[in-house]
Every structure is written in structure tokens, then in C-alpha cells.
Amino acid sequence: MSRADQQPFFVGVAGGSGSGKTTVVERIIAGLAPRPVTVIHHDSYYRDFGHLSLEERAAINYDHPDVLETGLLIEHLDLLKDGELVEIPIYDYTTHLRTDRKRPATPTAVVIVDGILILAEPEIRRRLDMKIFVDADSDVRFIRRLRRDLEDRGRTVDSVVKQYADTVRPMHLEFVEPSKRYADVIVRRAQQALCGCDRARRWPQRGGRRHADHQASRSAGSGLRKVVRLTWCGLITGEVVRGGMRLASTPYGSAVGAQLDPDPKRRPWLS
């Protein structure tokens with residue numbers, strides 16, 4: 001087995017706050033069970049603002065890429081790729097501080113990286129083998145975020161509404177929504193997604209080699225290529241690629257579309 005085959009398969013799960021990323025991550029993990037999966041949350045890497053008062057920390061725009069120590073995350077991804085164990089920071093959302101504790105993470109066969117901004121960061125995208133964007137309507141996302149912040153983070157309704165209006169929504173429009181174009185797959189109605197994640201092993205092999213099933217399924221003419229076996233997590237049963245736009249159907253019959261990454265080196269199975 002080559003070294004490339006032994007390296008982790010990195011899956012990125014992005015999407016707006018409250019879109020359903022956690023649901024998709026949980027379904028992937030359940031579908032791969034009992035095989036271990038390492039999950040890394042981008043928001044574990046919030047910078048340490050311990051030199052500021054609680055009031056000043058609460059006023060920070062936590063939805064802007066600059067508040068995240070993305071360089072450390074990238075360093076950790078590279079270490080995991082090389083088979084090294086890493087220690088992930090633990091962030092306290094109630095005090096807005098990075099704690100002294102760390103969470104060990106091991107280089108399992110599949111490593112999931114999730115966060116609202118992971119597809120907005122070119123160096124993170126470059127390290128992902130598969131990129132998923134979880135889409136949801138803005139009102140649904142806000143309701144989920146409100147419920148989470150009230151129940152899990154001890155926030156008040158006024159503080160959640162103010163933060164959403166001042167930073168969450170503007171940053172979503174500026175950074176998160178545009179990053180959707182880099183996704184391999186866009187998942188809608190994430191709460192209903194059924195993940196048969198054992199199909200992940202059918203994903204094309206590394207090193208630019210096309211999967212045999214893919215080669216057998218290419219259709220000639222009109223620039224159309226039907227990919228019958230590019231199924232992953234049960235979210236896609238088949239797809240037609242036309243002019244850089246991917247059209248697919250889910251087990252529930254709802255449409256899924258994802259614009260292909262413009263870099264052909266990252267899409268060898270479609271070359």
C-alpha cells in the first residue's frame with residue numbers, strides 16, 4: 001500500500017451557522033461506524049483574546065476569518081496527513097476564551113473538518129479531498145442558531161439577535177455564501193439526508209487515477225458525462241455534469257447542485 005493510500009481522507013463540511021452541518025457530520029460518522037473518524041471544528045481555533053475584558057471580547061466579530069487561527073489548523077491538518085497526533089484547542093463560548101485544556105486528535109482514515117468558513121480559506125480547501133456545503137434558508141438558520149445559543153451557550157435573545165444582525169448575516173453574505181461555489185456537493189434539507197457512508201470507499205482513488213466505475217460510466221457526445229457511482233453518504237444517486245455545473249438527485253428526489261472546483265488538478269475523476 002502506498003503512502004498516499006495510508007493518509008487520511010479529509011472531508012470538509014461547510015455552510016452557514018445553523019445550516020445543519022452537525023447533522024451531516026453525525027450521519028457521516030454513523031455511516032462509517034465502527035471505523036473511527038476524527039472531527040475537527042474550525043471554531044476550536046478562535047484566537048485567544050484573554051488580554052481583553054469580557055465586554056470587549058463579547059463585542060468581537062466572531063464570524064470574520066481573521067478571528068480564527070487558521071494557520072494552526074492548517075499545521076494540524078498537515079501533521080495528521082503525516083500520521084502525527086495533534087492537540088486541538090478547547091474554546092469556551094460563554095467566556096469567549098481559549099482554555100488551558102486541549103483535545104487530542106489522531107490521524108484516522110477519515111478526518112472531517114467543519115466550520116462556516118473552511119471553504120472560504122484557500123489553504124484549507126487545498127487540503128480537503130471532498131468539500132460539502134450544507135445549505136439552508138436564512139430563517140431556518142437563524143431559528144436554529146437562536147435555540148442553540150440560548151440552550152447551550154447561555155446567551156440572551158437580545159444578544160443573539162444583535163449579533164446576527166451586526167455580524168452573522170453580513171459575514172455570511174460576504175464570506176460563507178460565496179464559498180459555496182467551491183463545494184463538490186451541496187446538501188439541502190440536511191435534517192432529512194440519509195447517509196449510507198460505506199459508499200465513501202467508492203470515491204475515486206488518489207493520485208489522479210480515475211475510478212474504474214467512473215471510466216465505465218462515461219457517456220459520449222454533447223460534453224455530458226454521467227457519473228453513476230460517484231455516490232457518497234447516500235446523498236447522491238447519480239449525476240450529470242454539464243458545463244461546470246453538477247446536477248444530481250438525492251434519495252428524496254430533491255435537486256442538488258454544486259459548481260465544480262475550477263482547479264482540474266483537484267478533480268481528476270472528471271478529467
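All residue numbers refer to position in the chain's written sequence, counted from 1. Given that the model is predicted, a residue must reach a pLDDT of at least 70 before its local features are reported, and side-chain atom pairs must reach 80 or more before they are shown or counted; all residues, however, enter totals for whole chains, interfaces and linings. Computation of side-chain values: all heavy atoms of the structure, hydrogens and water removed.

## Topic: the overall build of the protein chain
Only DSSP runs of H or I covering at least 4 residues are called helices, and only runs of E covering at least 2 are called strands; the numbering of each starts at the N terminus. What the protein chain contains, in helices and strands, is eight helices and eleven strands. Only heavy atoms matter for contacts: two residues are in contact if any of them lie within 4.5 Å across the pair. Expressed as a percentage of contacts within the protein chain between residues at least 6 apart in sequence, the contacts between residues at least 24 apart total 68%. When the accessible surface of the protein chain is split by element, carbon and sulfur atoms take 52% of a total near 13,500 Å². In these tables, accessible area is a Shrake-Rupley quantity obtained with a 1.4 Å probe, and a residue counts as shielded only by the protein chains included in the view.

## Brief notes about the side chain of T108
Inspection of the secondary structure puts T108 in the loop between β4 (97-105) and β5 (110-114). Buried, partly exposed and exposed residues are distinguished by accessible area as a fraction of the type maximum, computed with a 1.4 Å probe on protein chains only: under 20%, between the cut-offs, and over 50%, respectively. Relative accessible area serves as the criterion here: at 10%, T108 is assigned to the buried category. Of note is the side chain of T108, whose polar atom sits 3.0 Å from the side chain of T38. Think of a polar contact as two N or O atoms within 3.5 Å of one another; within protein, one of them needs to be a possible hydrogen donor and the other a possible acceptor, and neighboring residues in sequence only count if both atoms come from side chains. There is a polar contact of 2.8 Å between the side chain of T108 and the backbone oxygen of V110. Ignoring any residue separated from it by four or fewer positions in sequence, one finds T108 in contact with P8, P36, V37 and T38.

## Notes on the pattern of salt bridges
A side-chain nitrogen of Lys or Arg and a carboxyl oxygen of Asp or Glu constitute a salt bridge if their distance falls within 4 Å. Under the defined criterion, the tally for this structure stands at ten salt bridges. Among the ionic pairs, R98 bridges to E69, the shortest N-O distance being 2.9 Å. With a gap of 29 residues between them, R98 in strand β4 and E69 in the loop between α3 (54-58) and α4 (70-81) connect regions that are remote in the sequence. Exposure remark for R98: the relative accessible area of 18% places this residue in the buried category. Between K162 and D166 there is a salt bridge, and its shortest N-O distance comes to 2.6 Å. Here D166 and K162 lie together in helix α7 (residues 157-176), a separation of four residues that amounts to about one turn. Here the residues in one salt-bridge network are D78, E123, R126 and R127, joined through shared partners.

## A word on the nonpolar core
General note: in soluble globular proteins, nonpolar side chains tend to be found buried as a group. I40, L73, V113, L119 and F133 are the most contacted members of the largest nonpolar core, which totals 33 residues. Every element with two or more residues in this core is listed here: β1 (9-15), α4, β3 (86-92), β5 and α7. Apart from residues lying up to four places away in sequence, V113 is in contact with V11, G12, V13, I40, L73, L77, I118 and L128. In this text, buried Ala, Val, Leu, Ile, Met, Phe, Trp, Tyr and Cys residues form a nonpolar core when linked through side-chain atoms within 4.5 Å. Counting residues in hydrophobic clusters, the runner-up holds 16 residues, among them V11, V24, V25 and M130.

## Considerations on the confidence of the model for the protein chain
In regions of low pLDDT, the predicted coordinates are not meant to be interpreted in detail. Per-residue pLDDT for the protein chain averages 74, and the proportion of residues at 70 or more is 68%. Here helix α8 (residues 212-217) stands out as the element of the protein chain with the lowest mean pLDDT, 29, in contrast to α4, whose mean of 98 is the highest. Considering only residues more than four positions removed or in separate chains, one finds that residues 191-271, a stretch of pLDDT under 50, has 164 contacts. The pLDDT score gives, residue by residue, the confidence of the prediction method on a 0 to 100 scale.

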